[in-house]
Amino acid sequence: MRIITIVGNRPQFVKAAAVSRQLRERHEELLIHTGQHYDDDLSRVFFDELGVPAPDRELGVGSGSASAQTARMLAALEPVMAESKADLALVYGDTNSTLAGALAAAQWRVPLAHVEAGMRSGDRAMPEELNRVLTDHASDLLLCSTSTAVANLEREHVHGRI
């Protein structure tokens with residue numbers, strides 16, 4: 001199975017450290033770094049110290065408003081999705097990288113897995129909350145860390161498998 005993993009910030013790098021090595025034992029993983037966190041102290045150091053495989057692609061989108069950053073990520077992910085012929089896209093958490101990866105996968109009809117699905121604050125004014133909800137509703141496989149997250153997704157009637 002060919003899996004495209006999309007990461008862009010510190011919490012995602014930490015999670016990828018645990019998951020990528022396991023994935024690569026049985027599957028082909030293409031690791032994409034959006035560049036949401038681009039400073040070496042916020043990015044490369046985590047890859048080096050946690051043993052995360054080096055990204056196969058670095059999109060280098062940099063900073064900006066949530067909308068502008070997400071739009072640049074989505075545009076940069078389009079050719080990656082087209083070339084990858086991925087069987088599954090994997091995203092983590094609730095960042096702009098998460099949402100861009102979810103949208104790219106949905107638009108390219110690549111099944112999407114969301115790690116940390118179902119987490120909710122209830123505050124739709126938070127950009128992270130919007131990213132969480134939209135990603136969950138675009139996901140085919142929702143990987144939850146708590147029973148509360150499962151209940152949230154069941155209450156929202158997501159179409160993916162929880």
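Rules and cut-offs
Residues numbered from 1 in each chain as written. Predicted model: local features only at pLDDT ≥ 70, side-chain atom pairs only at ≥ 80, totals over all residues. Heavy atoms only, no water. Helix = DSSP H or I, 4+ residues; strand = E, 2+ residues; numbered from the N terminus. Rg over C-alpha atoms; globule rule 2.2 N^0.38 Å. Buried < 20%, exposed > 50% of the residue type's maximum accessible area, 1.4 Å probe, protein only. Contact = heavy atoms within 4.5 Å. Expected span 1.5 Å × (residues − 1). Core = buried A, V, L, I, M, F, W, Y, C linked by side-chain atoms within 4.5 Å. Pairing = 2+ DSSP bridges. Right-handed = clockwise from strand over helix to strand, strands pointing away. Axes fitted to C-alpha atoms, helices over the stretch in contact; angles between N-to-C directions.

K.L.:
How should the overall build of the protein chain be read in this particular structure?
P.N.:
Scanning the protein chain from N- to C-terminus turns up six helices and six strands. Reading the protein chain from its N terminus to its C terminus gives the helix and strand order β-α-β-α-β-α-β-α-β-α-β-α. Computed over the C-alpha atoms, the radius of gyration of the protein chain is 15 Å, within 12% of the 15 Å expected from 2.2 N^0.38 for a compact globule of 162 residues. Principal-axis analysis of the C-alpha atoms gives the protein chain an extent of 40 × 35 × 30 Å. The proportion of buried residues among the 162 residues of the protein chain is 46%. By sequence separation, contacts in the protein chain at least 24 residues apart represent 64% of the contacts at least 6 residues apart.

K.L.:
Honestly, helix 1 (residues 10–26) in this entry has me stumped. Any pointers?
P.N.:
The periodicity of an α-helix, 3.6 residues per turn, causes residues three or four places apart in sequence to face the same way. For helix 1, spanning 17 residues, the distance from its first C-alpha to its last is 25 Å, which sits close to the expected 24 Å at 1.5 Å a residue. Residues of helix 1 that are buried include every one of Q12, F13, A16, A17, S20 and L23, and no others.

K.L.:
In this structure, what is going on with the nonpolar core? I would like to understand it.
P.N.:
Where a protein is soluble and globular, its nonpolar side chains tend to be buried together. I4, I32, L77, M81 and A89 are the most contacted members of the largest nonpolar core, which has 19 residues in total. Secondary-structure elements contributing two or more residues to this core are strand 1 (2–7), strand 2 (28–33), helix 3 (66–84), strand 4 (88–92) and helix 4 (96–107). In this structure M81 touches I4, A89, A104, A105, W108 and V110, once residues within four positions along its chain are discounted. Ranked by size, the runner-up nonpolar core spans 14 residues in total, among them I3, A16, F47 and V52.

K.L.:
Help me understand the pairing of strand 2, please; the structure alone is not making it clear to me.
P.N.:
The two faces of the sheet receive side chains in turn, since in a regular strand these alternate between them. Across the six residues that make up strand 2, a large majority, five, are buried. By the bridge criterion, six bridges tie strand 1 to strand 2 in an arrangement that is parallel. Its bridge partner lying in strand 2, R2 is registered against E28. Taking the sense of rotation as the criterion, the β-α-β connection linking strand 1, helix 1 and strand 2 turns out right-handed. Both strand 2 and strand 3 (residues 57–58) contribute to a ladder of two bridges, which runs parallel. Paired with I32 across the strands is R57, a residue of strand 3.

K.L.:
Looking at this structure, how should I read the side chain of T70?
P.N.:
On the secondary structure map, T70 appears in helix 3. Residues within four places of T70 in sequence aside, it is in contact with N96, L99 and A100.

K.L.:
Just to check I follow, could you spell out the sheet that holds strand 2 for this structure?
P.N.:
Sheets are built from strands paired through backbone hydrogen bonds, the pairs being either parallel or antiparallel. Taken in spatial order, the six strands line up as 3-2-1-4-5-6 in an open sheet, and their pairing is parallel. This sheet does not close on itself; its edge strands, each paired only once, are strand 3 and strand 6 (141–143). Where strand 5 (residues 112–115) and strand 6 come together, three bridges link them in parallel fashion. Bridge pairing in strand 6 places A113 opposite L141. Across the sheet, helix 4 lies against strand 1, strand 4 and strand 5, angled at about 160 degrees from strand 4, the strand it touches most.

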